[in-house]
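# A look at the structure
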Amino acid sequence: MADTTATTAVNATENKSENKNDVEKSAEKVEEPASPPVKEMRAIVLTGFGGLKSVKILKKPEPSPSEGEVLIRVKACGLNFLDLMVRQGVIDSPPKTPFILGFECAGEVESVGSNVTTYKPGDKVVALTDARAWAEAVIVSTKYVYKMPVGMSFLDAAAMTMNFVVAYILLFDIAGLQKGKSVLVHSVGGGVGQAVAQLCKTVEDVTLFGAASQSKHDAIKDTVTHLIDRGPDYIQEVRKIAPDGVDIVLDCLGGEDCNRGYTLLKPMGKYVLYGSSSIVTGETKSFFNFAKSWWQVDKVNPLKLYDENKAIGGLHLRHLLFQQNGHDYVRSVVEKVFKLWQEGKIKSVVDSTWALEDVGEAMQKLHDHKNIGKLVLDPSLEPKPKPPPTKGNKESKDKENKEKSVDSKAASIESADGDQEAKDGEADKPQQSEAQ
């Protein structure tokens, strides 16, 4: 009996202890701070290579900077023809979908990763990225981030940086533009074309031939020396003015224009390819156009270049930056471009600004070559109002068609009940009337 009582007392003590532990554990659980909600951002995401339907505005978690990176709160994004090629999947080694689009943005540094000493929160910067730029926030390695000059707007930075860097390298570092030289540039109404036009004016006595579609001529006629219609006869048009040809050809088209451009060169002339927009014809990738653009290009024979005293070059900025370790060189070019802007020698040329939600319309405008200068995405803009819904009209038409169908069936049944001769006569009447 004593043993039983002792055992009961021990069990009661153990239960009390266990209950106390359970209460303490529950209290600890209650006291644990809740994890902060994940911050989200809007981003333009490519869900699959193809047409505009594959471009979506989605909510994505905001990234955090790692070592050597900065987080930029994006204020403006540049839209480039390269973005159309990426969407269609016609570039080499594209990222795996889904991924955030965009190669160029400007904004404020919001936070920095470890070992970052050159930038601090609040710095106004522009960045060139290997995708991921078209979002409300982006993390970028400091290798590809550049401080904006005092007084430069985010819109100016996003509209100028990539275009003028490409144009500067083409003209000065590859083609060696000098006083008295002549230049032919394709798509002179576009972002790079307008940058080339301005940079040519920083050198004395440069003759600039610009090729553009007829619809753009009035708007850009004052930016070039000679404006040429972008048609099949543009070579002859240039020859009428410059029978000996030109010193520099800057080609963003590729395909058969490579051969045409080369034939326009004077001795000691330089042809430079910096794009292949001719392969982008429809909304989606065309394997025929892709293959055709390369089949049309003659093979380069170094002996021919030697005999004719001509040179051929190329520029692929994405490769130079992200695959060939050219970030220090590109930074030096950015600094030269910004210095020219500070001196008032160049300025941004903005065609239009768009909300993130309207990126499809902006892409289509660029695809149709209807822009003069740069198209810029602004995350702060409200999307354009959508056209009024046509559902009511559609329902009304469907109802009308349904009623006609019912009437037709009823007439058919009624006619079937009648005499066959009368039926044929009735059928003949509307036919005669229709013919009349």
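Computed from a predicted structure; not experimentally measured.

## What about the overall build of the chain?
Of the regular secondary structure elements, the chain holds 14 helices and 16 strands. Relative to its full complement of 436 residues, the chain shows a buried share of 43%. Total accessible area on the chain stands at roughly 24100 Å², and carbon and sulfur atoms take up 52% of it.

## With respect to the side chain of Asn-371
Tracing the backbone shows Asn-371 in the loop between α12 (359–367) and β16 (374–377). There is a polar contact of 2.8 Å between the side chain of Asn-371 and the backbone oxygen of Gly-373. If we ignore the near neighbours within four places in the chain, the residues touching Asn-371 are Gly-189, Gly-190, Gly-191, Lys-216, Asp-351, Lys-365 and Leu-366.

## Details of the environment of Val-183
With respect to the helices and strands, the residue Val-183 is situated in strand β9 (residues 182–185). Linking Val-183 and Val-249, residues 66 residues apart in sequence, is a C-alpha distance of 5.9 Å.

## Quick word on the pattern of salt bridges
The full count for this structure, using the stated rule, is 20 salt bridges. A salt bridge links Arg-42 to Glu-136, with the nearest nitrogen and oxygen atoms 3.2 Å apart. Remark: Glu-136 occurs in the loop between β6 (124–128) and β7 (137–141) and Arg-42 occurs in strand β1 (residues 40–46); sequence separation between them is 94 residues. A relative accessible area of 15% means that Arg-42 is categorised as buried. Residues Arg-73 and Glu-110 are paired through a salt bridge, measuring 2.9 Å at the closest nitrogen-oxygen approach.

## Focus: the sheet that holds β1
On the basis of which strands lie adjacent, the open sheet formed by three strands has the order β2-β1-β4 and antiparallel pairing. Two strands close off the open sheet at either side, each with one partner strand: β2 (55–61) and β4 (99–100). In this sheet, β4 lies alongside β1 in antiparallel orientation, the contact comprising two bridges. Residue pairing in the sheet places Val-45 in a bridge with Ile-100 of β4.

## A short note on the confidence of the model for the chain
With 76% of its residues at a pLDDT of at least 70, the chain reaches an overall mean of 85. Every residue in residues 4–10 is under pLDDT 50, and counting partners more than four places away or in other chains gives zero contacts. With pLDDT under 50 throughout, residues 403–436 is counted as low confidence; its partners more than four residues away or in other chains account for one contact.

## Quick word on empty space enclosed by the protein
Taken as a whole and assessed by the stated rule, the structure comprises one cavity of 30 Å³ or more. Considered as a void within the structure, the largest cavity measures approximately 30 Å³ in volume. For the lining of the largest cavity, the secondary structure elements donating two or more residues are α3 (154–174) and α4 (191–200). Across the lining of the largest cavity, the residue classes break down as three nonpolar, four polar and one charged.

## Details of the sheet that holds β9
The strand order β11-β10-β9-β12-β13-β14 describes an open sheet built from six strands, whose pairing is parallel. Each edge of the open sheet carries a strand with a single partner, namely β11 (226–229) and β14 (311–314). Shown here is a sheet whose adjacent strand axes are inclined to one another by a mean of 20 degrees, direction ignored. Relative to β14, strand β13 (residues 265–273) runs parallel, the two sharing four bridges. Counterpart to Lys-270 in the pairing with β14 is Ala-311. The strands touched by α4 are β9, β10 (207–212) and β12 (246–251); relative to β10, the strand with the most contacts, the crossing angle is about 165 degrees. Across the sheet, helix α6 (residues 234–241) is in contact with β9, β10, β11 and β12; its angle to β11 comes to roughly 150 degrees.

## A few points about the packing of aromatic side chains
This model, assessed by the stated rule, comprises three aromatic pairs. Aromatic pair Tyr-168 and Phe-172: ring centres 4.8 Å apart, planes at 50 degrees, arrangement tilted. Of the two residues, Tyr-168 and Phe-172 both sit in helix α3, four residues apart, roughly one turn of that helix. A relative accessible area of 22% means that Phe-172 is categorised as partly exposed.

## Observations concerning unusual backbone geometry
A cis amide bond, omega 0 degrees, links Thr-97 with the succeeding residue Pro-98. Structurally, Pro-98 can be placed in the loop between α2 (81–88) and β4. For Ser-93, which is not glycine, the phi dihedral falls at a positive 50 degrees. The backbone of Asn-325 sits at a positive phi, close to 60 degrees, despite the residue not being glycine. Its place among the elements puts Asn-325 in the loop between α10 (317–322) and α11 (327–342).

Cut-off values and rules
Along each chain, residues carry numbers from 1 onward, in the same order as the chain's sequence is written. Per-residue local features are limited, in this predicted model, to residues with pLDDT of at least 70; the limit for side-chain atom pairs, both in listing and counting, is 80 or more; totals at the level of whole chains, interfaces and linings are taken over all residues. Note: side-chain values were computed over all heavy atoms of the structure, leaving out hydrogens and water. A helix here means a DSSP run of H or I that spans at least four residues, while a strand means a run of E at least two residues long, and both kinds are numbered starting from the N terminus. Classification of residues uses two cut-offs on accessible area relative to the type maximum, computed with a 1.4 Å probe and protein chains only: under 20% is buried, over 50% is exposed, and between them is partly exposed. Shrake-Rupley sampling with a 1.4 Å probe provides the accessible areas, and residues are treated as covered by the protein chains on show and by no other component. N or O atoms closer than or at 3.5 Å make up a polar contact, with two conditions inside protein: a donor-capable atom paired with an acceptor-capable one, and, for residues adjacent in sequence, both atoms drawn from side chains. Any two residues whose heavy atoms approach within 4.5 Å are treated as being in contact. When a carboxyl oxygen of Asp or Glu is within 4 Å of a side-chain nitrogen of Lys or Arg, the pair counts as a salt bridge. The criterion for strand pairing is that DSSP finds at least two bridges linking the strands in question. pLDDT gives the predictor's per-residue confidence on a scale running from 0 to 100. Cavity: a set of points on a 1 Å grid over the protein atoms alone where a 1.4 Å probe fits but cannot get out. Pocket: an open set with protein on both sides within 12 Å along at least five of seven lines, its lining residues, like those of a cavity, having an atom within 4 Å of a point. Grid points are joined across faces, edges and corners, and a volume is the space filled by probe spheres set on the points. When residue character is reported, Ala, Val, Leu, Ile, Met, Phe, Trp, Tyr, Cys and Pro are called nonpolar, Asp, Glu, Lys and Arg charged, and the others, Gly included, polar. Lines fitted to C-alpha atoms define the axes, with helix axes restricted to the stretch in contact, and inter-axis angles between N-to-C directions lie between 0 and 180 degrees. Put simply, two rings from Phe, Tyr or Trp (the six-membered ring, in Trp's case) pair if the centres are within 6.5 Å, and we call them stacked under 30 degrees between planes, edge-to-face over 60, tilted for the rest.

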